[in-house]
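A structural walkthrough
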Amino acid sequence: MNNYELMVIFTPVLSEEDFKASQKKYADLIAELGGATIASHPWGLKSLAYPIQKKTTGIYWVFEYSAPATANEKLKIQLLRDEQVMRHMITRLDKYAVEYNHVKRNGGFAMQDKTQEA
Amino acid sequence: MAKNEIKYLTAIKQEKPKKKFCRFKKYGIKYVDYKDIEFLKKFINEQGKLLPRRLSGNSLKYQRKVQDAVKKARQMALLPYVTDLLK
C-alpha cells in the first residue's frame, strides 16, 4: 500500500455540487480499488499561471490516499475519460512527504519555520 | 616608465562573497512540496527559470528535489513556464 497524492484541475464552469459529486466519485473509485483516503483538500477556483484549453481559471482539488500499486492505472483511465478534468497528476509520496503532509495537516508549520530567510 | 606598476594576471577579489549554505541541510527540510509556491519562488528568477546551484546555494541532492518540485508545479499551472517580472 503506497501513499499517493492526486491533484486534479477541473474546468471552471463546474458547479459546486458537480465538484463535490466528482470528488466523491473518485474517492469511491479509489476505495473500491482497495485504497483508503487519507485527506482531501478542495482548493476551489484558482487562476492558472498559463491558460489551459483556452481557460485561465480552474478548480483545484488535492487528494491524498494510500492504494495498492495497481489501482492507479484504472484511476488514470477514469480521469482521462472525464471531460470535466482538464489536467491531473498522481505523485507517489515517500516517507518524508507523508510526514510533511501529516505535520502540515496538524498545523505543524503554523509559524512558517520552513520559509524563514537564509 | 611604469616600472613599479604591478600587472596582475587575475583580478583581485575585493569583497568577500557571502558564505552560501544549503538551507535544506541547515533547517533539516526533507521534502520540497510542489504546492508550496511561496517557498519555490525563492529558487526561480524573474523569468520563472530555475536558479543554478551556485546562486541558490543548494546541495546537489536538494537542488534536484527543488527542480523536480518546480517542474511539477509548472505542470499543474501553479508556476508559469516563462514570464516576466514574476516576483
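Residues numbered from 1 in each chain as written. Chains lettered and ligands numbered in written order. Predicted model: local features only at pLDDT ≥ 70, side-chain atom pairs only at ≥ 80, totals over all residues. Heavy atoms only, no water.

A count of helices and strands for chain A gives 3 helices and 4 strands. When the elements of chain A are put in sequence order from the N terminus, they spell out β-α-β-β-α-β-α. The principal-axis extents of the C-alpha atoms in chain A amount to approximately 40 × 35 × 20 Å. Across the 118 residues that make up chain A, the buried fraction comes to 42%. (Helix = DSSP H or I, 4+ residues; strand = E, 2+ residues; numbered from the N terminus. Buried < 20%, exposed > 50% of the residue type's maximum accessible area, 1.4 Å probe, protein only.)

Structurally, Asp 33 of chain B can be placed in the loop between helix 1 (23–27) and helix 2 (37–40). Along the backbone, Asp 33 of chain B and Leu 50 of chain B are 17 residues apart, and their C-alpha atoms lie at a distance of 16 Å. Excluding residues that lie within four positions of it along the chain, Asp 33 of chain B makes contacts with Tyr 100 of chain A together with Leu 40 of chain B. (Contact = heavy atoms within 4.5 Å.)

Each side of the interface is counted separately: chain B has 21 residues, and chain A has 25 residues. Between chain B and chain A the total buried area reaches about 2,200 Å² when both faces are included, carbon and sulfur atoms providing 65% of it. Here Glu 5 of chain A makes a salt bridge to Lys 35 of chain B, at a shortest N to O gap of 3.0 Å. Taken together, the links from chain B to chain A amount to 9 residue pairs in polar contact (both at pLDDT 80 or more). With 3 residues, helix 4 (residues 60–75) of chain B is the largest single contributor of residues to the side of chain B that touches chain A. A breakdown of the residues in the side of chain B that touches chain A according to their chemical character gives 12 nonpolar, 1 polar and 8 charged. (Buried area = accessible area lost by both parts, 1.4 Å probe. Salt bridge = Lys/Arg side-chain N within 4 Å of Asp/Glu carboxyl O. Polar contact = N/O pair within 3.5 Å; in protein donor to acceptor, adjacent residues only side chain to side chain. Nonpolar A, V, L, I, M, F, W, Y, C, P; charged D, E, K, R; others polar.)

Take the environment of Trp 61 of chain A next. Residue and element names in this part refer to chain A. If you trace the backbone, Trp 61 turns up in strand 3 (residues 55–67). Under the relative-accessibility criterion, Trp 61 is labelled buried at 0%. The spatial distance from the C-alpha of Trp 61 to the C-alpha of Val 103 is 20 Å, given a sequence separation of 42 residues. In this structure, Trp 61 is in contact with Leu 6, Met 7, Val 8, Phe 10, Phe 19, Gln 23, Tyr 26, Ser 40, His 41, Pro 42 and Trp 43, ignoring residues within four places of it in sequence. Here the side chain of Trp 61 touches Ser 40 through a polar contact of 2.9 Å, side chain to side chain.

Here we take up the packing of helix 1 (residues 16–32) of chain A against helix 2 (residues 71–81) of chain A. All names here are of chain A. The N-to-C vectors of helix 1 and helix 2 enclose an angle of 155°; their axes lie 10 Å apart at closest approach. Put simply, helix 1 runs roughly antiparallel to helix 2. The hand of the helix 1/helix 2 crossing is right-handed. When helix 1 is examined against helix 2, the residues Tyr 26, Leu 29 and Ile 30 are found in contact with a partner set consisting of Leu 75, Gln 78 and Leu 79. Of the residues in the contact of helix 1 with helix 2, the class split is 5 nonpolar, 1 polar and no charged. (Axes fitted to C-alpha atoms, helices over the stretch in contact; angles between N-to-C directions. Parallel < 35°, antiparallel > 145°, perpendicular 65-115°, else oblique. Left-handed = near helix turned anticlockwise from the far one by under 90°.)

Looking now at the side chain of Ser 59 of chain B. In this fold, Ser 59 of chain B is placed in the loop between helix 3 (53–56) and helix 4. In this structure, Ser 59 of chain B is in contact with Cys 22, Lys 25 and Arg 53 of chain B, ignoring residues within four places of it in sequence.

Bear in mind that shape data such as this cannot, by itself, settle questions of function.
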